[in-house]
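# Structural overview
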Amino acid sequence: MQPLPRSLRIFALVIVASIVVLIAGYHTHVSWRDWPQLLLVFGLMVFASLIRVESPGGFSVTPTTVLTYLSIYVFNPPTAALVVGVSRALGFALSRGWVPWRAVFNGSQAGLSAALGSYVFMVLGGRPDAPAEIHVYVAAFAAPLANHLTNYFLVGFGVSQIRGTSVMSTWITGVKDLLLPNLLSMCTAYVLALFYVRNHAAALVYLVLLPFQWMALRLYVTRRQLYAQIVDGLVVAADANFPLGRGHARRVADIGVAIAREMRLSETDVASVQFAALLHDVGMIGKDDLLDKPLLSEEEQISLRDHVNIGAEMARELPRREIAEGIRYHHERYDGAGYPTGLKGKAIPLVARIVALAEAVDSLGSQGLDHQPVNPKSAVLEYVLNERGRAFDPDVVDAFAKVVEAGRVGLGWEPVGTRQTDVVPHAKGTPA
């Protein structure tokens, strides 16, 4: 395991120290006398943490949001910090087998976020037993929103330090990704809070809601899994259509993701680059008769080049339009001499600019310039640097050079044969 960045270690210590200071400094404000109610919510949250749904992205989600918001509505800030922080830390440790520092850090940031949400609710005059007035509803909305924004900032900072992405873009991605489901959980939590203040045992109603929470999470994750399965199926079909280029799309995706991370793009943009790279040649399926021809007529060249439009149309059903744009425009040149529309410079979508370079790198590294084996690391890098500002975006080239220097991209492939897409006439010096 690689050592954690120093900035992340310092940040984790600050977060853990902050919640310790908060609870210790305001321990007299913790509702210790209500320990049965605290234990009830605590136990429910630990139990909910054990019910997690795995996602294809390597993370998991748990139905604890309703209980977090319930704590924000019914507990004061130090009490909310204690109940949410400790229960989430224990839940992380039990359900995911996390090492102590990680469980404590994540529990601490969850507790601090809950404390801030509770504070916002209190300052705005929110009380679950208050008359139904406009300021109460404003508080009921603002408190979970404050919790959501804070939670994803603290988590996003840690993720950005590990993955080398922008803190702001990582935060915004996290906020947008689960904002709607979390705000919908707010409604359930507030109704539960209205019953809770009248009878604390009403918190047990959450157990009735738990299966529905689980199904909602499953639906959310299943949709993402379906997209991943569709993409994987199309990549397999493309490999079967042209066996000599087997693995090309996955290598292009690896290179593209490395470049995107070096450019500190958000996780959403990195995923768009990955999907666009995996599918960039999917429009070639069914054109195998053209791939086998040593020389193409003008009409056949046009048909072959149309694979970018076909691929983009096939990707339209995926959740982000940047994926289809990356496929459609990955043969554009930075100087405007590419196809299909002759876009120039920054007018070419960033995802397409990254995929264009990544595909060229794999094509050249796999077979060499002029289809002859070469020393990939020297010849390919030299070619890319020479095309800086002509075929390729200078920023993308600079990022690629850095990942090569850092050894985060391999450039040592064996020749795998000539790909027909690389011999279609195109602007001079531009790999297809």
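As shown above, the structure is provided for reference.
Cut-off values and rules
Residues numbered from 1 in each chain as written. Predicted model: local features only at pLDDT ≥ 70, side-chain atom pairs only at ≥ 80, totals over all residues. Heavy atoms only, no water. Helix = DSSP H or I, 4+ residues; strand = E, 2+ residues; numbered from the N terminus. Buried < 20%, exposed > 50% of the residue type's maximum accessible area, 1.4 Å probe, protein only. Contact = heavy atoms within 4.5 Å. Areas by Shrake-Rupley, 256 points an atom, 1.4 Å probe, with all protein chains shown as cover. Phe/Tyr/Trp six-rings, centres within 6.5 Å; stacked < 30°, edge-to-face > 60°. Salt bridge = Lys/Arg side-chain N within 4 Å of Asp/Glu carboxyl O. Core = buried A, V, L, I, M, F, W, Y, C linked by side-chain atoms within 4.5 Å.

Right, let's talk about the overall build of the chain for a bit. Scanning the chain from terminus to terminus reveals 17 helices and two strands. Classification of the 432 residues of the chain by burial places 51% in the buried group. Within the chain, contacts between residues at least 6 apart in sequence are counted, and of these 70% link residues at least 24 apart. Total accessible area on the chain is roughly 20400 Å²; 62% of this is exposed by carbon and sulfur atoms.

Now for unusual backbone geometry. Put simply, tyrosine 339 and proline 340 share a cis peptide bond, and its omega is 20°. One can find proline 340 in the loop between α14 (321–328) and α15 (350–367). Despite not being glycine, arginine 264 has its phi angle at roughly 60°, a positive value. One can find arginine 264 in the loop between α9 (248–262) and α10 (267–278). Classification of arginine 264 as partly exposed rests on a relative accessible area of 39%.

Below, the discussion takes up the packing of aromatic side chains. Tallied over the full model, the rule gives six aromatic pairs. Measuring from ring centre to ring centre gives 4.2 Å for phenylalanine 11 and phenylalanine 157, while their planes differ by 40°; the resulting arrangement is tilted. Placement of phenylalanine 11 in helix α1 (residues 6–25) and of phenylalanine 157 in helix α6 (residues 134–163) is noted, with a sequence separation of 146 residues between them. Their ring planes at 80° and their centres at 5.1 Å tell us that tyrosine 73 and tyrosine 190 sit as a pair that is edge-to-face. You can see tyrosine 73 sitting in helix α3 (residues 65–74) and its partner tyrosine 190 sitting in helix α7 (residues 167–196), a full 117 residues away along the chain. Each member of the pair, tyrosine 73 together with tyrosine 190, is buried. What links up through ring pairs into an aromatic cluster is the set Phe11, Phe105 and Phe157.

Looking now at α3. Burial runs high along α3: nine of the ten residues are buried. Among all positions in α3, only Thr65, Val66, Leu67, Thr68, Tyr69, Leu70, Ser71, Ile72 and Tyr73 are buried.

Take the environment of arginine 9 next. Tracing the sequence through the fold places arginine 9 in helix α1. Taking the C-alpha atoms as reference points, arginine 9 and tryptophan 101, 92 residues apart in sequence, are found 9.8 Å from one another.

This part is about the pattern of salt bridges. The final tally for this structure, using the stated rule, is nine salt bridges. The partner of aspartate 395 in a salt bridge is lysine 346, with the nearest N and O atoms 3.0 Å apart. One end of the pair, aspartate 395, is in helix α17 (residues 394–405); the other, lysine 346, is in the loop between α14 and α15, with 49 residues separating them in the sequence. The exposure class assigned to lysine 346 is partly exposed, which follows from its relative accessible area of 48%. Shared partners join several salt bridges into a network, and the residues in it are Arg333, Asp335, Glu387 and Arg390.

This part covers the nonpolar core. Soluble globular proteins tend to pack their nonpolar side chains together in the buried interior. Core analysis: the biggest nonpolar cluster contains 46 residues, and Ile259, Leu357, Val384, Phe392 and Phe400 have the highest contact counts within it. Those elements giving two or more residues to this core turn out to be α8 (205–241), α9, α10, α14, α15, α16 (376–386) and α17. Other than its neighbours up to four places away in sequence, leucine 357 contacts Ile259, Val384, Phe392, Val396, Val397 and Phe400. With 32 residues, the next largest nonpolar core counts Val66, Leu192, Ala193 and Tyr206 among its residues.

As for its position among the elements, serine 185 is in helix α7. Accessibility expressed as a relative area gives 11% for serine 185, which makes it buried. If near-sequence neighbours (up to four positions away) are discounted, serine 185 is found in contact with Thr65, Val66 and Tyr69.

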